[in-house]
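# Working through the structure, step by step
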Amino acid sequence: MLTLATILIPLTLLIWLAWRGVSVLILSPVMALLAAGMAGEPLLASLTQRFMPATGGFIISYFLLFLLGAVFGRIMEDSGAARRVADGIVRALGQQQAIPAVVISCAILTYGGVSLFVVAFAIYPLAMALFRSADLPRRLIPASIALGAFTFTMTALPGTPAIQNAIPMPYFGTTAFAAPGLGIIAGLIMAGFGLFWLARRARTLRAAGEHFESPPRGTEIAEETPSQPLIRKPMPLWLALSPILSVLILNFVFSTILLPGLDTSYLADARWGSTDAGALIGIWSIIAALICSILLAMALFHRTLDQPANSLSRGAEASLLPIFNTSALVGFGAVAAGLPAFEMVRDAVAALPGGPLISLAASSAILAGITGSASGGMSIALDALGDQYVASAEAAGIEPSLMHRVMSIATGGLDALPHNGAVITLFAIGRLSHKESYADVFMVAVAIPTLALIVVLTLGGLFGSF
């Protein structure tokens with residue numbers, strides 16, 4: 001138990017201090033040092049040989065995905081296309097359907113490749129207007145956005161360009177469309193039960209006498225009043241949706257038709273990493289789809305983009321904080337993974353009944369919880385145990401696509417603990433505290449995705465990948 005304390009105490013402090021508003025960029029190396037010190041590990045070596053290589057390695061591997069996603073999201077926001085999509089959904093559902101309108105708006109944007117951080121900033125003013133009009137408690141807004149942006153479109157739905165769906169591809173030789181049937185089932189569970197929970201909570205809070213209350217003075221959110229138009233630069237809905245559809249369609253075309261047909265034999269050369277194209281096609285497909293969709297968006301929206309160069313620059317800058325927050329948490333997780341306590345956890349997880357599928361899900365979820373990041377936990381799990389899982393899956397006859405989908409869904413549960421960067425950002429945008437809103441975020445982004453994972457594990461064990 002004392003050995004486990006070397007991970008549990010720093011992790012508890014990381015969560016508590018992040019809850020209190022301390023930046024994870026500061027907390028991650030400090031808590032990594034505390035964990036190393038408690039375990040009797042060399043402090044400076046833990047920073048330079050474990051923390052920094054893991055932090056830098058994550059940036060090297062996934063910088064382009066963060067960059068392109070943020071730039072695409074900024075163009076969609078600055079052009080008014082993101083708001084036009086949301087406005088179309090509101091008009092279809094009606095302003096009284098505030099919660100489903102916010103969830104669906106976030107889901108369409110994130111499934112189409114818009115960064116979840118961009119979506120949070122873009123949708124919050126709309127959500128404020130809708131919740132004011134429907135007289136719903138403002139503290140349900142973070143959970144509504146989290147359900148639409150952090151759950152089924154991030155880890156479950158086939159083809160999503162989210163980083164959490166991209167990381168397993170090089171290890172398992174899969175594409176973003178791995179195990180589509182299981183992904184859709186998981187997505188329906190997350191969306192259906194999440195909407196049910198939020199609707200029930202809205203009725204309960206209303207019955208208890210809670211109403212919409214304006215945020216504290218000084219908020220940076222540009223609120224929309226119900227009498228104001230929700231979109232200032234109207235455009236046809238089909239036009240606003242075109243770049244989003246482009247990401248999904250091109251991702252499929254690149255991953256299944258164009259890239260597999262190329263001669264990639266040169267990749268076997270040491271100059272190109274002595275690798276196989278199967279490990280890269282999934283990542284290449286998302287990168288190519290986002291680049292093409294950014295160019296398409298700039299061509300379609302050139303009249304509504306006041307300063308395209310500024311949109312590109314602001315999008316690039318907006319990618320930095322998310323990737324550095326995530327990579328710093330990966331660094332903390334790497335230090336934790338190098339401690340004797342982690343070996344105990346790893347051995348205990350490996351001994352779980354159910355074979356490599358259960359072990360993969362458990363280790364991925366635990367590491368996502370430690371780092372407060374689905375992508376961070378996934379990266380550490382695959383770096384430390386990826387080869388072992390691939391070999392175990394082959395021996396057990398488990399399809400790589402099933403391993404991919406299980407891992408992606410598994411990391412999308414415990415990642416949303418209180419120290420998660422996206423959760424902290426949501427509360428900061430709306431001037432809400434963890435005490436006010438986290439319980440509902442926990443239900444839609446932790447508890448229900450965990451339920452979806454159990455269903456996928458059960459179905460996958462019975463029927464394999466489909």
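This one's a predicted model, so the numbers in the text were calculated from it and none came from an experiment.

## Digging into the overall build of the protein
Looking only at helices and strands, the protein features 21 helices and zero strands. Since a compact globule built from 466 residues should have a radius of gyration of about 23 Å, the 22 Å found for the protein is in line with a globular shape. The buried share among the 466 residues of the protein stands at 56%. Taking the intrachain contacts of the protein between residues at least 6 apart in sequence as the baseline, contacts between residues at least 24 apart amount to 82%. Here the protein holds 23 positive side-chain charges and 24 negative ones, and the gap between their average locations is 12 Å.

## Things to note about the packing of aromatic side chains
This model, assessed by the stated rule, comprises five aromatic pairs. On the basis of an interplanar angle of 85 degrees and a centroid distance of 5.2 Å, the ring pair of Phe-177 and Phe-252 is categorised as edge-to-face. Of this pair, Phe-177 sits in the loop between helix H10 (169–172) and helix H11 (180–207) while Phe-252 sits in helix H12 (residues 237–258); the two residues are 75 residues apart in sequence, bridging distant segments of the chain. Ring geometry for Tyr-438 versus Phe-442: centroids 6.2 Å apart, planes at 55 degrees, classification tilted. Residue Tyr-438 and its partner Phe-442 are located together in helix H21 (residues 434–463), separated by four residues, close to a single helical turn. The class for Phe-442 is partly exposed, based on a relative accessible area of 32%. Following the ring pairs from residue to residue traces out a cluster consisting of Phe-58, Tyr-62 and Phe-66.

## Quick notes on empty space enclosed by the protein
Scanning all chains against the criterion turns up three cavities of 30 Å³ or more. When its volume is computed, the largest cavity comes out at roughly 560 Å³. As for the largest cavity, its lining consists of 36 residues, of which Phe-66, Leu-116, Phe-117, Ile-163 and Gln-164 are closest to the centre. When grouped by side-chain class, the residues that make up the lining of the largest cavity number 20 nonpolar, 15 polar and one charged. In this model, the second largest cavity occupies a volume close to 50 Å³. Lining the second largest cavity we find Phe-342, Val-345, Arg-346, Val-349, Ser-363, Ile-366, Leu-367 and Leu-385. Classifying every residue of the lining of the second largest cavity by side-chain character gives six nonpolar, one polar and one charged.

## What to know about the pattern of salt bridges
Tallied over the entire structure, the rule returns nine salt bridges. Between Asp-87 and Arg-84 there is a salt bridge; the shortest N-O distance is 3.7 Å. Taken together, the residues Asp-87 and Arg-84, both in helix H4 (residues 81–93) and three residues apart, mark about one turn of the helix. Side by side, Asp-87 and Arg-84 carry an identical accessibility label, which is buried. For the salt bridge of Asp-87 with Arg-91, the shortest nitrogen-to-oxygen distance reads 2.6 Å. Residue Asp-87 and its partner Arg-91 are located together in helix H4, separated by four residues, close to a single helical turn. For Asp-87, a relative accessible area of 2% gives the class buried. If you follow the salt bridges from partner to partner, you end up with Arg-74, Glu-77, Asp-78 and Arg-314 in one network.

## Here's the deal with helix H3 (residues 43–78)
Every α-helix carries 3.6 residues per turn, so stepping three or four residues along brings you back to the same face. In this model H3 runs just 45 Å from its N-terminal to its C-terminal C-alpha over 36 residues, more than 12% under the 52 Å that 1.5 Å per residue would give. Taken as a whole, H3 carries its principal kink of about 60 degrees at Tyr-62. Among the residues trailing H3, Gly-80 stands out with phi positive, at a value near 90 degrees.

## Some points on a nonpolar patch on the surface
Taken together, the side chains of Val-22, Leu-25, Ile-26, Val-30, Phe-63, Leu-64, Leu-320, Leu-321 and Phe-324 present a nonpolar region at the surface, about 740 Å² in accessible area. Those elements giving two or more residues to the nonpolar patch turn out to be helix H2 (24–38), H3 and helix H15 (320–337). Looking at the element boundaries, Leu-64 is found in helix H3.

## Quick word on the layout of surface pockets
Taken as a whole, the second largest pocket spans an internal volume of roughly 310 Å³. In this structure, the second largest pocket is lined by 17 residues; those nearest its centre are Ser-61, Tyr-171, Ser-379, Ile-380 and Asp-383. Secondary structure elements with two or more residues in the lining of the second largest pocket: H3, H10, H15 and helix H18 (374–396). Of all the elements, H3 adds the most residues to the lining of the second largest pocket, at six residues. For the lining of the second largest pocket, the class distribution of residues is 12 nonpolar, four polar and one charged.

Calculation criteria
Within any chain, residue numbers begin from 1 and follow the written order of that chain's sequence. Side-chain atom pairs in this predicted model are given and counted only at pLDDT of 80 or more, local residue features only at pLDDT of at least 70, and totals for whole chains, interfaces and linings cover all residues. The basis for every side-chain value is the complete set of non-hydrogen atoms in the structure, without hydrogens or water. Helix and strand assignments follow DSSP, with helices taken as H or I runs no shorter than four residues and strands as E runs no shorter than two, numbered in order from the N terminus. C-alpha atoms define the radius of gyration in this analysis, and the globule rule sets the expected value at 2.2 Å times the number of residues to the power 0.38. Only protein chains enter the calculation, and the probe is 1.4 Å; a residue is then buried if its accessible area is under 20% of its type maximum, exposed if over 50%, and partly exposed in between. Throughout, a contact is declared for two residues whenever any of their heavy atoms are within 4.5 Å. Residues scored as charged are limited to Lys and Arg (positive) and Asp and Glu (negative), so that His and the chain ends carry no count. Taken as the charge location is NZ of Lys, CZ of Arg, CG of Asp or CD of Glu. Aromatic pairing here means that ring centres of Phe, Tyr or Trp (its six-membered ring) are within 6.5 Å. Orientation follows from the plane angle: under 30 degrees is stacked, over 60 is edge-to-face, and everything else is tilted. Here a cavity means grid points, on a 1 Å grid over the protein atoms only, where a 1.4 Å probe fits yet cannot get out; a pocket means an open set of points with protein on both sides within 12 Å along at least five of seven lines; lining residues are those with an atom within 4 Å of a point. Grid points are joined across faces, edges and corners, and a volume is the space filled by probe spheres set on the points. The nonpolar class holds Ala, Val, Leu, Ile, Met, Phe, Trp, Tyr, Cys and Pro. Asp, Glu, Lys and Arg form the charged class, and all remaining residues, Gly among them, are polar. Criterion for a salt bridge: a side-chain nitrogen of Lys or Arg within 4 Å of a carboxyl oxygen of Asp or Glu. Given a helix with a known number of residues, its expected span is that number minus one, times 1.5 Å. Bend at a residue means the angle formed by two fitted axes: the first through the 7 residues ending at that position, the second through the 7 residues beginning there. Residues qualify for a patch when their relative accessible area is over 30% and they have no salt bridge, like charges being joined within 9 Å and the nonpolar side chains of Val, Leu, Ile, Met, Phe, Trp and Tyr within 5 Å. What sets the accessible areas is the Shrake-Rupley method with a 1.4 Å probe; for residues, cover comes only from the shown protein chains.

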